[in-house]
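Chains, contacts and geometry: an overview
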Amino acid sequence: MSSFDKSKYVHGVFSRISDKYDVMNDLGSLGFHRIWKAKMVKELAKAQPKRILDIACGTGDIAIALAKALPAAEVIGLDFNGAMLQVANSRAAAELGHGFIIEGSDDTLAKSTNKLHFVVGNAMELPFANESFDAACISFGLRNMPDYAQVLKEIFRVLKPKGKLYCLEASYPTHKLVRSPFKLYFKHWLPTLAKLVVNSPEEYAWLNTSTEAFLSKDELAFLMESTGFASVSYKSFLSGAAALHHGTKG
Ligand SMILES: C[S@@+](CC[C@H](N)C(=O)[O-])C[C@H]1O[C@@H](n2cnc3c(N)ncnc32)[C@H](O)[C@@H]1O
């Protein structure tokens, strides 16, 4: 698939499942995604960043959790899919009393008094100035992008020196005994569940295809280092079914 085709395909997938994404996330991960995301938010909040970018924020759970954990910080959730952002915005309005979608960039943001924004934008070409964020995160997003290196390069560009990146991503367990049942789960059970619950088996087959095609945990750590990130490390969850990578802009 070319870069353009992958982006177009992924955009279509998330447009079709935006209203079912949250329920399938809970069912598909047996609720584990909530625990992993909470860990990432806790780690990220430790350094008390003042301006945070949540890339591929989807329906906004992480951006909202960050806004709650750090009420004085400015949190920006970016996604290229307006349908996912509409869900994020309604959720923010319900949970925080405000949310705000904009199609602009730094100029529009500067005029807003809101602390939480959702921006329509492409992770391959972030609409933000160099060195403008203290921290960034990307959760279950990178494997959907056509060029992982380009996205990391863009994140590195918008981070301030010493800024931190957290990347939470699905992966295949490394242990043989866990790997096979996990593969069966991903390849067969998840699309079946998706057919029964939300009638979108093809969209959930994408989860397996994109996870299989994604980098190993060590390869991602290496790519982060090659981009310029220092002190790169990762933690595995559930026998390696997901991993949280971390790096600092040196
Ligand atoms: C699996 S969802 C993850 C949502 C959320 N971060 C989470 O952890 O639940 C992937 C998201 O990546 C977004 N996405 C994919 N490619 C993108 C791109 N090039 N730029 C911005 N967002 C993108 C999709 O629209 C979708 O909302």
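Scroll up to find the structure.
In what follows, the accompanying structure is described. Per chain, the residues get numbers from 1 upward, laid out in the order the sequence is written. With pLDDT at 70 or above as the cut-off, local features in this predicted model cover only qualifying residues; side-chain atom pairs require 80 or more to be listed or tallied, and sums for whole chains, interfaces and linings still use all residues. As a rule here, side-chain values come from all non-hydrogen atoms in the structure, and water together with hydrogens is ignored.

1. Here we look at the overall build of the chain
Runs of H or I in DSSP of at least four residues are treated as helices and runs of E of at least two as strands, each being numbered from the N terminus. What the chain contains, in helices and strands, is 10 helices and 8 strands. Note that the radius of gyration is over C-alpha atoms, with the globule rule given as 2.2 Å times the number of residues to the power 0.38. On C-alpha atoms alone, the chain measures out to a radius of gyration of 17 Å, which is about the 18 Å that the 2.2 N^0.38 rule sets for 250 residues. The C-alpha extent of the chain, read off along each of the three principal axes, is 50 × 35 × 35 Å. Residues counted as buried form 50% of the 250 residues belonging to the chain. The rule is simple: take the accessible area with a 1.4 Å probe, protein chains only, and divide by the maximum for that residue type; under 20% is buried, over 50% is exposed, in between is partly exposed.

2. Observations regarding empty space enclosed by the protein
The rule is simple: put a 1 Å grid over the protein atoms alone, call a set of points where a 1.4 Å probe fits but cannot get out a cavity, call an open set with protein on both sides within 12 Å along at least five of seven lines a pocket, and count a residue as lining if it has an atom within 4 Å of a point. Grid points are joined across faces, edges and corners, and a volume is the space filled by probe spheres set on the points. The final tally for this structure, using the stated rule, is 1 cavity of 30 Å³ or more. Taken as a whole, the largest cavity holds about 50 Å³ of empty space. Contributing to the lining of the largest cavity are Glu169, Ala170, Ser171, Phe214, Leu215, Ser216, Lys217, Leu220, Ala243 and His245. Mapped onto the lining of the largest cavity, the elements with two or more residues apiece are β6 (159–170), α10 (217–227) and β8 (242–249). When residues are sorted by character, Ala, Val, Leu, Ile, Met, Phe, Trp, Tyr, Cys and Pro go into the nonpolar class, Asp, Glu, Lys and Arg into the charged class, and all the rest, Gly among them, into the polar class. Taken together, the residues of the lining of the largest cavity sort by class into 5 nonpolar, 3 polar and 2 charged.

3. Thoughts on the environment of Thr211
Summarising the element assignment, Thr211 is placed in helix α9 (residues 201–213). Between the C-alpha atom of Thr211 and that of Ala170, which follows or precedes it by 41 residues, the distance is 6.4 Å. Contacts between residues were defined by any pair of non-hydrogen atoms, one from each residue, lying within 4.5 Å. If sequence neighbours within four positions are ignored, Thr211 has contacts with Arg143, Ala170, Ser171, Tyr172 and Phe186.

4. What about unusual backbone geometry?
The phi angle at Ser231 is positive, at roughly 50°, despite the residue not being glycine. Of note, Ser231 is situated in strand β7 (residues 229–237). Although it is not a glycine, Ser239 adopts a positive phi angle of roughly 55°. Structurally, Ser239 can be placed in the loop between β7 and β8. Residue Ser239 is classed as partly exposed on the basis of its relative accessible area, which comes to 45%.

5. Describing a nonpolar patch on the surface
Taken together, the side chains of Val23, Leu27, Leu196 and Val197 define a hydrophobic patch exposed on the protein surface, amounting to about 350 Å² of accessible area. Among the elements of the structure, α2 (21–28) and α8 (176–198) are those that each provide at least two residues to the nonpolar patch. Tracing the sequence through the fold places Val23 in helix α2. Candidates for patches are residues over 30% relative accessible area with no salt bridge; among them, like charges are joined within 9 Å and nonpolar side chains (Val, Leu, Ile, Met, Phe, Trp, Tyr) within 5 Å. In these tables, accessible area is a Shrake-Rupley quantity obtained with a 1.4 Å probe, and a residue counts as shielded only by the protein chains included in the view. We define a salt bridge as a contact between a side-chain nitrogen of Lys or Arg and a carboxyl oxygen of Asp or Glu at a distance within 4 Å.

6. A few points about the packing of aromatic side chains
Two aromatic rings are characterised by how far apart their centres lie and by the angle between their planes. Two rings belonging to Phe, Tyr or Trp (six-membered ring only in the last case) form a pair when the distance between their centres is within 6.5 Å. Interplanar angles under 30 degrees mark stacking, angles over 60 mark edge-to-face geometry, and anything in between is tilted. What the rule picks out here adds up to 9 aromatic pairs. Ring geometry for Trp36 versus Phe237: centroids 6.0 Å apart, planes at 5°, classification stacked. Of this pair, Trp36 sits in helix α3 (residues 32–46) while Phe237 sits in strand β7, placing them 201 residues apart in sequence. Take Trp36: its relative accessible area is 9%, and that puts it in the buried class. Look at Tyr148 and Phe214: their rings are 4.9 Å apart centre to centre, the planes differ by 80°, and that puts the pair in the edge-to-face class.

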